[in-house]
Amino acid sequence: MTLHWLRGNAITLLENGTCFFPALLEEIDRATTEIFLETYIFAPDDVGQAIAAALQRAARRGITVHLIVDGFGGRDFVAHLMEPLTAAGVHVLIYRREVATLSLRRHRLRRLHRKLAVIDGRVAFVGGINIISDYEAPALDAPRQDYTVRIEGPLLAPIHTSVKHVWGLVSWASFRRRLRLLGKANAQALPVGNMEAAFVIRDNIRHRRDIEDAYLLGIAAARREIILANAYFLPGRRFRQALLAAARRGVRITLLVQGLADHPLQQRATRAIYDSLLNAGMRIIEYHRSYLHAKVAVIDEHWATVGSSNIDPFSLLLAREANVVIRHPPFATALRDSLQQAIARGGREIHADAWQRAPLSQRLINWTAYGLVRLMIGIAGYGNRH
């Protein structure tokens, strides 16, 4: 795989919803022609209400607003926010709407997990932050840890093309052919900065391995350091082998994963592979200050990625995902510094000797969880690819 690098971009790192939501609201209110917004979760909380209100204002002043929400992650959206948005003139599509809650059909795990926004073909946001308050858990006084990037420049062209393509696919699949393509803006893709970046997606047709391959290229080129922060980390064989090979050639590898778990089954499955990673000399740090939701990495302080894709079978084998890969030392350094601060504020390192003394009952729980996750992937028909 060869990444399609584009130069001349201006890319800004936005940490947590504290930075992202005000920036998104500002651009929605500035829109003059069209808005595309894709999200996995669109919660009916204070953040969701504020963004829904901004989308309604845009539609009422004549902006063409396209909104796609995943049918599983957006169940509360359908129940509480969808009707007033459509009444205001927002064009809404639901990606694979949930009908049978207990269904085990293969396609049910194929979700729209992307978090993208493109306004007027002029500015885009790509990252891992859903439309939901950072303070979803009232008992936590720290925000959910996550990242998005704001993009201007030539990279807008493939991002804009991608959101239009997905809108067309979902409108046809939803029998909403009259909504197939309503936007009229062209991507404003002239150089505006000095940053080199690539837009990488994962789908179930032509781009099944693109995000994983982008990671593997970065890991293979690493010479000094890899810092990988991922909410749900359960890599397949190729990814594990790449990390182990990097560790053998002396690369310092730090894995920042969830300590507080919003999906305990996946956390337990991840803990089942700690032994092999620790024995290879990797550092594993669990984040306990709040929920870690980041999907980012920094390699050798010049290569970085920010996006929606976890390093687990659900993201890498099933979901629609979108990441930006950036080659720019100042950006990579800024992301590395942010991750180091997160580790200092809320990280707890897992040490190999203490981990090996863990009770046998905990190990059995971890491996049972690992087996259940593998079973789910097997039901989806992808067990042999993980």
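It should be emphasised that the depicted structure is a prediction, and the values quoted were computed from it without experimental measurement.

1. Points about the overall build of the protein chain
Helix and strand content of the protein chain: 13 helices and 15 strands. Relative to the compact-globule value of 21 Å for 386 residues, the protein chain shows a C-alpha radius of gyration of 20 Å, a close match. Expressed as lengths along the three principal axes of its C-alpha atoms, the size of the protein chain is roughly 65 × 50 × 40 Å. Going through the 386 residues of the protein chain one by one, you find that 58% of them count as buried. Taking as baseline every contact in the protein chain between residues at least 6 positions apart, the subset at least 24 positions apart corresponds to 81%. In the structure as shown, the protein chain presents an accessible area of about 16100 Å², 54% of it carried by carbon and sulfur atoms.

2. A look at the layout of surface pockets
Approximately 490 Å³ is the volume found for the second largest pocket. Forming the boundary of the second largest pocket are 23 residues, of which Ser-162, Ile-201, Arg-206, His-207 and Asp-210 lie nearest the centre. Those elements giving two or more residues to the lining of the second largest pocket turn out to be α5 (156–173) and β8 (195–202). Tallying contributions element by element places α5 first for the lining of the second largest pocket, with six residues. Grouping the constituent residues of the lining of the second largest pocket by class yields twelve nonpolar, six polar and five charged.

3. Describing the pairing of strand β14 (residues 321–327)
The buried count for β14 comes to six of seven residues, which makes it a mostly enclosed element. Pairing geometry for β8 and β14, over seven bridges, is antiparallel. Looking at the pairing, Glu-196 lines up with Arg-327 of β14.

4. Focus: the pattern of salt bridges
Scanning all chains against the criterion turns up 19 salt bridges. A salt bridge links Arg-150 to Glu-27, with the shortest nitrogen-to-oxygen separation between them at 2.9 Å. Here Arg-150, found in strand β7 (residues 147–152), pairs with Glu-27, found in helix α1 (residues 16–30); they are 123 residues apart in sequence, far enough to count as distant. Arg-150 sits in the buried class, given a relative accessible area of 17%. With its nearest N and O atoms 3.0 Å apart, the salt bridge here joins Arg-271 to Glu-286. With a gap of 15 residues between them, Arg-271 in helix α8 (residues 264–271) and Glu-286 in strand β11 (residues 283–287) connect regions that are remote in the sequence. Residues joined by salt bridges that share partners form a network here, namely Glu-27, Arg-30, Arg-122, Arg-150 and Glu-152.

What counts as what
- Residues numbered from 1 in each chain as written.
- Predicted model: local features only at pLDDT ≥ 70, side-chain atom pairs only at ≥ 80, totals over all residues.
- Heavy atoms only, no water.
- Helix = DSSP H or I, 4+ residues; strand = E, 2+ residues; numbered from the N terminus.
- Rg over C-alpha atoms; globule rule 2.2 N^0.38 Å.
- Buried < 20%, exposed > 50% of the residue type's maximum accessible area, 1.4 Å probe, protein only.
- Contact = heavy atoms within 4.5 Å.
- Areas by Shrake-Rupley, 256 points an atom, 1.4 Å probe, with all protein chains shown as cover.
- 1 Å grid on protein atoms, 1.4 Å probe; cavity = no way out; pocket = protein on both sides within 12 Å on 5 of 7 lines; lining within 4 Å.
- Points joined across faces, edges and corners; volume = space filled by probe spheres on them.
- Nonpolar A, V, L, I, M, F, W, Y, C, P; charged D, E, K, R; others polar.
- Pairing = 2+ DSSP bridges.
- Salt bridge = Lys/Arg side-chain N within 4 Å of Asp/Glu carboxyl O.

Distances and angles like these do not, on their own, reveal function.
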